[in-house]
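# Understanding the architecture of this molecule
Residue strings, one per chain:
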Amino acid sequence: AHLDADVPAFPAHSPASETLAAVRRHPDGNNAVVYLLNVAGAVIGTLPIGRVLGADETQRLDELGPTAVPVLRTRDSLKAVLSNPGWRRFDSLPALDIDGRFAGALHRRELIEAGAAETLNPVTPGGLSPLLAVGDAWWRGLATVGTALIEPVVRGSEEVSDEL
């Protein structure tokens with residue numbers, strides 16, 4: 001997995017119009033969220049791009065109600081990255097360099113594709129992960145029982161069709 005340095009990140013005092021213009025110049029990028037940076041270059045929050053689209057052109061990003069987001073450090077171990085509680089709410093987490101400045105973002109899909117995230121929980125609203133896990137286990141059990149019940153019937157019909 002690699003750090004995506006092309007995600008949209010802007011000073012918190014930037015007007016919405018400048019932010020949208022910059023995001024539109026990179027239509028193939030990961031533009032679901034915009035990271036807001038303080039004067040020192042550290043992440044102070046995130047905004048969904050929809051909130052920026054709906055803003056008045058002169059409105060500053062920090063006036064749009066950014067959401068605090070947990071951060072990673074570029075020197076974090078894989079274990080620290082995977083255990084970051086931010087994965088419960090976000091599909092991407094910002095990373096800060098050794099000086100505490102924004103370096104890019106790490107995406108859940110990158111971790112999964114790299115095979116490093118077998119234990120990474122999916123984003124679920126309201127902490128539904130345990131319920132979804134129980135539901136998944138129930139469904140898998142039901143599918144196994146269903147297969148065990150149906151398989152002899154199918155085999156039996158094959159035997160009958162062979163006799164015809």
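Conventions used here
Residues numbered from 1 in each chain as written. Predicted model: local features only at pLDDT ≥ 70, side-chain atom pairs only at ≥ 80, totals over all residues. Heavy atoms only, no water. Phe/Tyr/Trp six-rings, centres within 6.5 Å; stacked < 30°, edge-to-face > 60°. Helix = DSSP H or I, 4+ residues; strand = E, 2+ residues; numbered from the N terminus. Buried < 20%, exposed > 50% of the residue type's maximum accessible area, 1.4 Å probe, protein only. Pairing = 2+ DSSP bridges. Axes fitted to C-alpha atoms, helices over the stretch in contact; angles between N-to-C directions.

### So, the packing of aromatic side chains
Each aromatic ring pair is characterised by the separation of its centres together with the angle its planes make. Scanning all chains against the criterion turns up 1 aromatic pair. On the numbers, 5.5 Å between centres and 35° between planes, the contact of Tyr-35 with Phe-102 is tilted. With Tyr-35 in strand β2 (residues 33-37) and Phe-102 in strand β6 (residues 102-107), this residue pair connects regions lying 67 residues apart in the sequence. In this structure Tyr-35 comes out as buried when scored by relative accessible area, which is 1%.

### Focus: the pairing of strand β3 (residues 43-48)
As defined by bridge partners, β2 adjoins β3 across 5 bridges and the pair is classed as antiparallel. If you follow Tyr-35 over to β3, its bridge partner there is Thr-46. What sits between β2 and β3 in their antiparallel hairpin is a turn of 5 residues, with Gly-41 showing a positive phi close to 95°.

### Considering the side chain of Ser-92
As for its placement among the helices and strands, Ser-92 is situated in strand β5 (residues 92-96). A residue is classified by how much of its surface remains accessible, and Ser-92, at 13% relative accessible area, is buried.

### Thoughts on the sheet that holds strand β1 (residues 9-11)
Here we have 3 strands laid out as an open sheet, ordered β1-β2-β3, and mixed in their pairing. Both outer strands of the open sheet, β1 and β3, are each paired with one neighbouring strand and no more. Averaged over all pairs of adjacent strands, the angle between strand axes in this sheet comes to 30°, irrespective of strand direction.

### Some words on the environment of Glu-18
Looking at where Glu-18 falls in the secondary structure, it is placed in helix α1 (residues 16-24). Given a relative accessible area of 51%, Glu-18 falls into the exposed group. Along the backbone, Glu-18 and Arg-60 are 42 residues apart, and their C-alpha atoms lie at a distance of 9.8 Å.

### A closer look at the sheet that holds strand β4 (residues 72-73)
Strands sit in the order β4-β5-β6 across an open sheet of 3 strands; the sheet is mixed. In the strand order of this sheet, the two ends are held by β4 and β6, each with one partner. The sheet contact formed by β4 and β5 spans 2 bridges and is parallel. Bridged to Leu-72 within β5 is Ala-95.

In short, shape yes, function no, at least from these values alone.
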